[in-house]
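# An overview of the molecular structure
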Amino acid sequence: MAFWEDKTLDEMTEAEWEALCDGCGRCCLIKLEDEDTGVLITSDVRCQLLDGDNCTCTDYPGRQAKVPDCIKLTPQNVTEIKWIPTTCAYRRIAEGKGLAWWHPLVSGDPQTVVDVGVSARGRTFAEQDIAPGEWEDHAVDWPEWEPPEQL
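Residues numbered from 1 in each chain as written. Predicted model: local features only at pLDDT ≥ 70, side-chain atom pairs only at ≥ 80, totals over all residues. Heavy atoms only, no water.

## Overview of the overall build of the protein
Helix and strand counts for the protein stand at 6 helices and 5 strands. The C-alpha radius of gyration of the protein comes to 16 Å, within 12% of the 15 Å expected for a compact globule of 151 residues. Counting the 151 residues in the protein, one finds 38% classified as buried. Look at the contacts in the protein between residues 6 or more apart in sequence, and 54% of them connect residues 24 or more apart. Summed over its atoms, the accessible surface of the protein is roughly 8,900 Å², and 50% of this surface lies on carbon and sulfur atoms. Of the charged side chains in the protein, 13 are positive and 30 negative, and the gap between their average positions amounts to 4 Å. (Helix = DSSP H or I, 4+ residues; strand = E, 2+ residues; numbered from the N terminus. Rg over C-alpha atoms; globule rule 2.2 N^0.38 Å. Buried < 20%, exposed > 50% of the residue type's maximum accessible area, 1.4 Å probe, protein only. Contact = heavy atoms within 4.5 Å. Areas by Shrake-Rupley, 256 points an atom, 1.4 Å probe, with all protein chains shown as cover. Lys, Arg positive; Asp, Glu negative; His and termini not counted. Charge placed at Lys NZ, Arg CZ, Asp CG, Glu CD.)

## Considering the side chain of Asn77
Turning to its location among the elements, Asn77 is positioned in the loop between helix H3 (63–66) and helix H4 (89–94). Once you skip the residues sitting within four places of it in the chain, Asn77 turns out to touch Ile71 and Lys72.

## Structural notes on the packing of aromatic side chains
For the structure shown, the criterion picks out 2 aromatic pairs. Taking the centre distance of 5.1 Å and the plane angle of 85 degrees together, the rings of Phe3 and Trp4 count as edge-to-face. For the pair shown, Phe3 and Trp4 are each scored as buried. Geometrically, the ring pair formed by Trp17 and Tyr90 is tilted, given 4.3 Å between the ring centres and 35 degrees between the ring planes. Pair noted here: Trp17 is in helix H2 (residues 14–19) and Tyr90 is in helix H4, with a separation of 73 residues, a long-range link. In this structure Trp17 comes out as buried when scored by relative accessible area, which is 10%. Exposure remark for Tyr90: the relative accessible area of 5% places this residue in the buried category. (Phe/Tyr/Trp six-rings, centres within 6.5 Å; stacked < 30°, edge-to-face > 60°.)

## Here we look at the sheet that holds strand S2 (residues 40–46)
Strand pairing in a sheet relies on backbone hydrogen bonds. The paired strands run either parallel or antiparallel. Taken in spatial order, the 3 strands line up as S1-S2-S5 in an open sheet, and their pairing is mixed. Each end of this open sheet is capped by a strand with a single partner; those strands are strand S1 (29–33) and strand S5 (125–126). Pairing of S1 with S2 involves 4 bridges; the strand directions are antiparallel. Bridging from a neighbouring strand, Lys31 pairs with Thr42 of S2. (Pairing = 2+ DSSP bridges.)

## Comments concerning the state of the cysteines
Scanning all chains against the criterion turns up 0 disulfides. Cys47 supplies the cysteine sulfur nearest to Cys70, a cysteine that is in no disulfide, at a spacing of 6.3 Å. (Disulfide = S-S within 2.5 Å.)

## Focus on the pairing of S2
Side-chain direction in a regular strand flips from residue to residue, so the side chains alternate between the two faces of the sheet. Here S2 lies mainly inside the structure; 5 of its 7 residues are buried. Two successive antiparallel strands, S1 and S2, enclose a turn made up of 6 residues, where Gly38 displays a positive phi of approximately 80 degrees. Pairing geometry for S2 and S5, over 2 bridges, is parallel. Of the residues in S5, the one forming a bridge with Arg46 is Ala126.

These results come straight from atomic positions and should not be treated as a statement about function.
Quick look at the structure:
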């Protein structure tokens, strides 16, 4: 049986936990908060550490020191953070949904995340390239999109 079907998030080893990340980069997109309503809006602006071409963090071990508002996901907080994408493996497992068919641990190919349209690869702008007055122009809804549960 696959470890993600046999264990809870709390029971996983660090290596298993890390393997759950599908590498989509959606959690590393900058979120904007509407000051009047408190509604969070996802932008197509990526964290300064996210490589937009391959959706990996350029300093994963040191990310929290370099980006103070970077949140480390844990079994305890994954269900409390409202902006975690519904496609996120951590969230799906915490909600009892299991991994999606396109997840690399299921498909055997990390390219399926890109092919199905979940990945942020090539769809983002670097944080340092966006002027302060232009942030609202980068509000997007594609990070909320979910592929069908099966083909």
